[in-house]
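# Observations on the model geometry
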Amino acid sequence: RKEVEQDPGPFNVPEGATVAFNCTYSNSASQSFFWYRQDCRKEPKLLMSVYSSGNEDGRFTAQLNRASQYISLLIRDSKLSDSATYLCVVISNFGNEKLTFGTGTRLTIIP
Amino acid sequence: DAGITQSPRHKVTETGTPVTLRCHQTENHRYMYWYRQDPGHGLRLIHYSYGVKDTDKGEVSDGYSVSRSKTEDFLLTLESATSSQTSVYFCAISEVYPGQGRGRTEAFFGQGTRLTVV
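Below you will find a few notes about this structure. Computed from a prediction, not measured in an experiment: that's the story for all the values here. (Residues numbered from 1 in each chain as written. Chains lettered and ligands numbered in written order. Predicted model: local features only at pLDDT ≥ 70, side-chain atom pairs only at ≥ 80, totals over all residues. Heavy atoms only, no water.)

## A word on the pairing of strand β8 (residues 73-78) of chain B
Residues and elements named next belong to chain B. Most of β8 is tucked away: five of the six residues are buried. In this sheet, β8 lies alongside strand β3 (residues 19-25) in antiparallel orientation, the contact comprising six bridges. Each bridged residue has a counterpart across the sheet, and for Cys 23 the counterpart in β8 is Phe 74. As paired strands, strand β7 (residues 64-70) and β8 are joined by five bridges and run antiparallel to one another. If you follow Ser 67 over to β8, its bridge partner there is Leu 75. Count of turn residues in the β7/β8 antiparallel hairpin: two residues. (Buried < 20%, exposed > 50% of the residue type's maximum accessible area, 1.4 Å probe, protein only. Helix = DSSP H or I, 4+ residues; strand = E, 2+ residues; numbered from the N terminus. Pairing = 2+ DSSP bridges.)

## A few points about the sheet that holds strand β7 (residues 60-65) of chain A
Consider a sheet: its strands pair through backbone hydrogen bonds, and that pairing is either parallel or antiparallel. Residues and elements named next belong to chain A. Spatially, the five strands line up as an open sheet ordered β1-β3-β8-β7-β6, and their pairing is antiparallel. Two strands in the sheet have a free side with no partner beyond their single neighbour: β1 (4-6) and β6 (55-57). Along the sheet, successive strands turn relative to each other by an average axial angle of 20°, direction set aside. Here strand β3 (residues 19-25) runs beside strand β8 (residues 70-75); their pairing, made up of six bridges, is antiparallel. Bridge assignment links Thr 24 to a residue of β8, and that residue is Tyr 70. (Axes fitted to C-alpha atoms, helices over the stretch in contact; angles between N-to-C directions.)

## Considerations on the packing of aromatic side chains
Under the counting rule described, the total for this entry stands at 13 aromatic pairs over all chains. Ring geometry for Phe 101 of chain A and Phe 109 of chain B: centres 5.6 Å apart, planes at 75°, overall edge-to-face. Note that Phe 101 of chain A is positioned in strand β10 (residues 98-101) and Phe 109 of chain B in strand β12 (residues 108-109), a pairing that runs across two chains. Residue class for Phe 101 of chain A comes out buried when judged on its relative accessible area of 4%. Its relative accessible area of 7% is what places Phe 109 of chain B among the buried residues. Relative to Tyr 48 of chain B, the ring of Tyr 33 of chain B lies with its centre 6.1 Å away and its plane at 15°, an arrangement referred to as stacked. In this pair, Tyr 33 of chain B is assigned in strand β4 (residues 31-38) and Tyr 48 of chain B in strand β5 (residues 42-51), connecting sequence segments 15 residues apart. Residue Tyr 48 of chain B is classed as buried on the basis of its relative accessible area, which comes to 0%. (Phe/Tyr/Trp six-rings, centres within 6.5 Å; stacked < 30°, edge-to-face > 60°.)

## Thoughts on the nonpolar core
Grouped together as the largest cluster of nonpolar side chains are 23 residues, with contacts concentrated most on Phe 21, Trp 35, Ile 71, Leu 73, Ile 75, Tyr 86 and Leu 107 of chain A. Sequence-distant contacts of Leu 107 of chain A, that is, excluding residues within four places in its chain, are made with Phe 11, Val 13, Val 19, Phe 21, Ile 75, Asp 82, Ser 83, Ala 84 and Tyr 86 of chain A. (Core = buried A, V, L, I, M, F, W, Y, C linked by side-chain atoms within 4.5 Å. Contact = heavy atoms within 4.5 Å.)

Next comes the structure, spelled out in structure tokens:
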């Protein structure tokens, strides 16, 4: 089983819609969680961290469910500029800071 | 932008030749990573480092070796390149500041190296 799993999509969503992604992880001792965004032929960049209590940044909401070992990302009122690949990231091996990425979910916002 | 650069940015090499990719950082971050990215597989960890001379294997380490003789440089070597190692390679850096209220930094990525093995 992969350490971090994501639905690869693609998700094709009309502009203005709400879209949600999930990501599951296998290591119950995982420490920290993030969502990254990657545009075509570019390097990944941090979108937001994921906190146990859930966190929101504008139209984006991230949630962590430790009991079920998954994290989620919700995008409300989607914009054309949200089209990208979204990668979940899990940190394990406390002290060694091993960063493991999911395969990514490709999102296309349709006008 | 974080000070992280990869070199070369593009390389074409022949099967069986050795190849070394360099990742250089000016942030003095402790943790450095090498990933490869292929369609359908996302970013897969090759090797990572948690300090000078401290490295560990990732999920796809076969055929690759690394060295970190100083904080700022993390080298990835393909001892004998194969066509299956054609990929885009990304380096990343991060840091942790325990007990100082700053927590963990995000992972910053280099711009990637496109390697083609023919």
